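Here are the chains, one letter per residue:
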Amino acid sequence: MLRGVYASCVRVACGRGVPLTSYSNIARTMMFRRGMSGGSNPLKKQLQNVGKVVFRDSGYQPFKKNQGGGWGSGNSGGGGGGGGNGWWGRVPNRYKLILVGMPVVGGGYYLTHLDTVPISGRRRMIDVSPETEKVMGEHAWQEIKEQYKAHILPASSTYSQMVRRVAGPLIEASGLKDLDWEFIVVEEPQANAFVLPGGKVCVFTGIFPIVETEDNLSAVLAHEIAHVVARHSAENMSFARVLTIVYWTLRLTLQIDAPWLLNLFMQVGVQLPFNRRCESEADHIGLLLMSKACYNPEAAANLWEKFHEHEGKTEKRGSSVSQFLSTHPGHESRAKQIRGNIYVLISSRSSFISFSLLFFF
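Everything numeric here is computed off the predicted structure, so don't read it as measured data.

## Focus: the nonpolar core
Inference 1: L170, F183, I207, F208, L217, L221 and M290 are the most contacted members of the largest nonpolar core, which has 47 residues in total.
Inference 2: Per element, the largest residue contribution to this core is 10 residues, and it comes from helix α9 (residues 214-230).
Inference 3: Membership of the second largest hydrophobic core comes to 10 residues, among which are A140, W141, F194 and L196.

## Some thoughts on the side chain of E133
Inference 1: Within the secondary structure layout, E133 lies in helix α6 (residues 130-147).
Inference 2: A distance of 2.9 Å separates the side chain of E133 from the side chain of R231, its partner in a polar contact.
Inference 3: Not counting the four nearest positions on each side in its chain, E133 is found in contact with V128, P197, R231, S233 and A234.

## Here's the deal with the packing of α9 against helix α11 (residues 259-292)
Inference 1: Close contact between α9 and α11 brings their axes to 7 Å; oriented N to C, the two are set at 120°. By the angle between their axes, α9 is oblique relative to α11. With respect to the hand of their crossing, α9 and α11 are arranged in right-handed fashion. Between α9, through D215, S218, A219, A222, H223, I225, A226, H227 and A230, and α11, the contact on the second element is made entirely by C278, E279, E281, A282, D283, I285, G286, L289 and M290.
Inference 2: Broken down by class, the residue content of the contact of α9 with α11 amounts to 10 nonpolar, 4 polar and 4 charged.

## A few points about the confidence of the model for the protein
Inference 1: When pLDDT is averaged along the protein, the result is 75; 68% of the residues meet or exceed 70.
Inference 2: Long-range and interchain partners of residues 350-361, a stretch whose pLDDT sits below 50, account for 0 contacts in this model, where long-range means more than four residues apart.

## Describing the sheet that holds strand β6 (residues 193-196)
Inference 1: Within the open sheet, the 3 strands sit side by side as β5-β7-β6. Their pairing is mixed. Edge positions in the sheet fall to β5 (182-186) and β6, since each has one partner strand and no second. Adjacent strand axes in the sheet meet at a mean angle of 15° when their direction is disregarded.
Inference 2: Summarising the sheet, β5 and strand β7 (residues 200-204) pair through 5 bridges and their orientation is parallel. By the bridge assignment for β7, V186 is matched with F204.

## Observations concerning unusual backbone geometry
Inference 1: A positive phi is found at R231, a non-glycine position, where the angle reads about 55°.
Inference 2: Topologically, R231 is positioned in the loop between α9 and α10 (232-254).
Inference 3: Residue classification places R231 among the buried positions, given a relative accessible area of 17%.
Inference 4: One non-glycine residue, C294, lies in the positive phi region at around 70°.

Criteria and cut-off values
- Residues numbered from 1 in each chain as written.
- Predicted model: local features only at pLDDT ≥ 70, side-chain atom pairs only at ≥ 80, totals over all residues.
- Heavy atoms only, no water.
- Core = buried A, V, L, I, M, F, W, Y, C linked by side-chain atoms within 4.5 Å.
- Buried < 20%, exposed > 50% of the residue type's maximum accessible area, 1.4 Å probe, protein only.
- Helix = DSSP H or I, 4+ residues; strand = E, 2+ residues; numbered from the N terminus.
- Polar contact = N/O pair within 3.5 Å; in protein donor to acceptor, adjacent residues only side chain to side chain.
- Contact = heavy atoms within 4.5 Å.
- Axes fitted to C-alpha atoms, helices over the stretch in contact; angles between N-to-C directions.
- Parallel < 35°, antiparallel > 145°, perpendicular 65-115°, else oblique.
- Left-handed = near helix turned anticlockwise from the far one by under 90°.
- Nonpolar A, V, L, I, M, F, W, Y, C, P; charged D, E, K, R; others polar.
- pLDDT = per-residue confidence, 0-100.
- Pairing = 2+ DSSP bridges.

See below:
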């Protein structure tokens, strides 16, 4: 069973994504961070109707328009036609307990599993242990290496040596040098890189013509290492569980007759913004790792501008709508955001140096 879970995750992580058919799959498919470009988007494919919920023995009918012109259930008059019990009266009794108890139980569970993201200081909920995350990442890593075994460059290759050389100072700066870090370079044309839990990083050769320099490559690797520092994989799995509970709670209690609409709202309005926030946070943490490892932080902004130009040349540049439906922020907006973070970083350093000199003299 586990091998099936890992195989499903691997297909998503390596650009062979499959559409999400329900929120119960998110914990599997979102285990990994997509690499630099974000890859295929399930929302660009046809939305699948997850079916209608039929409530037996409840005598309850889904919301529909009544003769009076209002909206209500088959058991009440609706908005324009009557219905004195209101929304709460239309909810079956067996689901009222869910509405009342879920916030209490869920809130307590959330508060007892709060965690702080290193470096950024953001508070978030994680209920996946580092040991579980590491085991899952290791199994998936073996699947990755098996899948690409004919295309993995030897450790003595120029690209492999370059990756390890650039990654060394970044790992030191991350404070996670005790992890069993492993880097492989796969000879594939896609300009991408991704990381798995436990410090497993895969870089595709298609990215090297874009990065060109070691400073630019450090921005790529710092971004991936930042995902490990922040434990974004575990956070994604935890967040997926919350989404699954919220999804089914809303669907069962509100008796929604169009589950695809709720699914669309949860994905576009909740899941995708969450993914983009994690990516922006990885950019921010990666910028600080680059600075601490004595790489030029300006290279991070230059890198995303290069990606933007590359997309323009290959006619793959996305519109503002496609960026809204993406798991990653747009390359141009990332470059602007990073330049703003660089300005804050330089300003804070200048203030510290000025204060130090004033104290010294």
